[in-house]
Amino acid sequence: FNSRILDGVRLTITAGPTREAIDPVRYISNHSSGKMGYALAAAAADAGAIVTLISGPTNLNCPERVSRVDVISAQDMLDASTATLGKCELFIACAAVADYRPAKAADQKIKKDNDSMHIDLVRNPDIVSTVANHSERPVTVGFAAETQDLLRYARGKLERKNLDLIIANDVSNSAIGFNANDNAVTAIWKDGQCDIPQMGKNQLAAQLITLIAQKFFAETR
Ligand code: C5P
């Protein structure tokens with residue numbers, strides 16, 4: 001077993017949630033902790049990769065030997081991600097990107113003058129699809145967090161987003177997934193899949209990095 005399986009490989013990882021501004025003091029976001037993405041960044045750096053971690057707001061410390069780019073919104077995350085294209089060979093999208101953002105963030109704090117209100121939302125860009133369909137496309141890995149029909153939805157995303165590999169996890173089980181310390185996943189690619197049973201996110205990250213490295217070298221060398 002070679003512990004430096006990604007030696008010198010330039011890798012970008014997105015992690016954490018994004019925040020979409022409603023007004024200067026409010027936002028739309030989700031419960032992503034960033035733990036899985038940070039664990040992958042640490043495991044990849046341990047495996048010798050040159051890691052750029054593009055992170056939404058989290059409470060986590062940047063792993064050693066990882067360079068972190070802090071972002072807030074999905075648009076910021078897209079800009080930071082596309083800026084690494086041509087300079088990265090492998091891209092892992094672990095972020096829980098908000099699907100929608102307010103059509104326009106109010107310039108001033110919105111006052112509670114009415115009994116009801118509505119916020120117009122518009123779709124955010126799909127970061128991993130943009131990366132996977134770029135002319136300087138790195139080997140691209142995505143995640144699929146689902147509450148039902150996990151494998152079917154994940155396989156759909158693998159194809160639709162043009163990914164090389166997708167890591168599916170069942171977020172209906174609160175012991176794994178969002179904010180939990182453990183995770184259990186199924187890795188799915190065009191002509192195969194493999195289950196990784198429940199374990200701590202750090203240990204799982206190391207196993208995923210081994211699998212991703214195998215896939216990376218199968219695609220590129
Ligand atoms: O479509 P869905 O959000 O379930 O897809 C999840 C995968 O796509 C994850 O890898 C996530 O990081 C990525 N994604 C993205 N940009 C979005 C939405 C999802 O990169 N706007």
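To be clear, the structure that these remarks concern was listed above.
Predicted model, so just to flag it, every value in this text is computed and none were measured. Per chain, residues are indexed from 1 in the order of the written sequence. Only residues with pLDDT of 70 or above have their local features reported here, since the model is predicted, and side-chain atom pairs are shown and tallied only from 80 upward, although totals for entire chains, interfaces and linings are computed over all residues. As a rule here, side-chain values cover all heavy atoms of the structure and leave hydrogens and water aside.

**Topic: the side chain of S33**
Right, so step 1: Put simply, DSSP marks the helices as runs of H or I at least four residues long and the strands as runs of E at least two long, and each gets a number from the N terminus on. By the secondary structure assignment, S33 is in the loop between strand 3 (26-28) and helix 1 (35-46).
Right, so step 2: Between N or O atoms, a polar contact is any pair within 3.5 Å; within protein, one atom must be a potential hydrogen donor and the other a potential acceptor, and residues adjacent in sequence are included only when both atoms are from side chains. Looking at S33, its side chain comes within polar contact range of the main-chain nitrogen of K35, at 3.2 Å.
Right, so step 3: In this structure S33 touches T58, L60 and N179, once residues within four positions along its chain are discounted. It only takes one pair of heavy atoms within 4.5 Å for two residues to be counted as in contact.

**A word on the site of the ligand**
Right, so step 1: Taken together, A93, A95, V97, P125, D126, I127, V128, G142, F143, K157 and K161 are the residues near the ligand.
Right, so step 2: Interatomic distance of 2.7 Å between a backbone N/O atom of A95 and an oxygen atom of the ligand.
Right, so step 3: At 2.8 Å, a backbone N or O of F143 approaches an oxygen atom of the ligand.
Right, so step 4: For the ligand, whose free accessible area comes to 450 Å², the fraction covered by protein is 85%.
Right, so step 5: Among the elements of the structure, helix 3 (127-132) and strand 9 (139-146) are those that each provide at least two residues to the shell around the ligand. Only a single heavy atom is needed: when it lies within 4 Å of a molecule or strand, its residue is near that molecule or strand. Each accessible area is a Shrake-Rupley estimate made with a 1.4 Å probe; only the visible protein chains count as cover when residues are assessed.

**A look at the pairing of strand 10 (residues 165-170)**
The side chains of a regular strand alternate between the sheet's two faces.
Right, so step 1: Taken across its six residues, strand 10 has five buried, putting it largely inside the fold.
Right, so step 2: When DSSP finds two or more bridges between two strands, those strands count as paired. Where strand 9 lies against strand 10, six bridges are found, and the strand directions are parallel. Bridged to F143 within strand 10 is I167.
Right, so step 3: With the strands aimed away from the viewer, a crossover counts as right-handed if its path from the first strand over the helix to the second runs clockwise. Each parallel crossover has a hand, and for strand 9 linked through helix 4 (residues 150-160) to strand 10 it is right-handed.
Right, so step 4: Direction of pairing for strand 10 relative to strand 11 (residues 182-189): antiparallel, over a ladder of three bridges. The partner of I167 across the bridge, within strand 11, is A187. Only protein chains enter the accessibility calculation, which uses a 1.4 Å probe; a residue whose area is less than 20% of its type maximum is buried, one above 50% is exposed, and one in between is partly exposed.

**Considering the nonpolar core**
Right, so step 1: For our purposes a nonpolar core is just a set of buried Ala, Val, Leu, Ile, Met, Phe, Trp, Tyr and Cys residues, chained together by side-chain atoms within 4.5 Å. L6, I13, L40, V51, L90, L208 and I209 are the most contacted members of the largest nonpolar core, which totals 39 residues.
Right, so step 2: Beyond its immediate stretch of four places on either side in the chain, L6 contacts A44, A47, G48, A49, L90, I209, A213 and F217.
Right, so step 3: A80, A93, A95 and I127 belong to the second largest nonpolar core, which has 22 residues in total.

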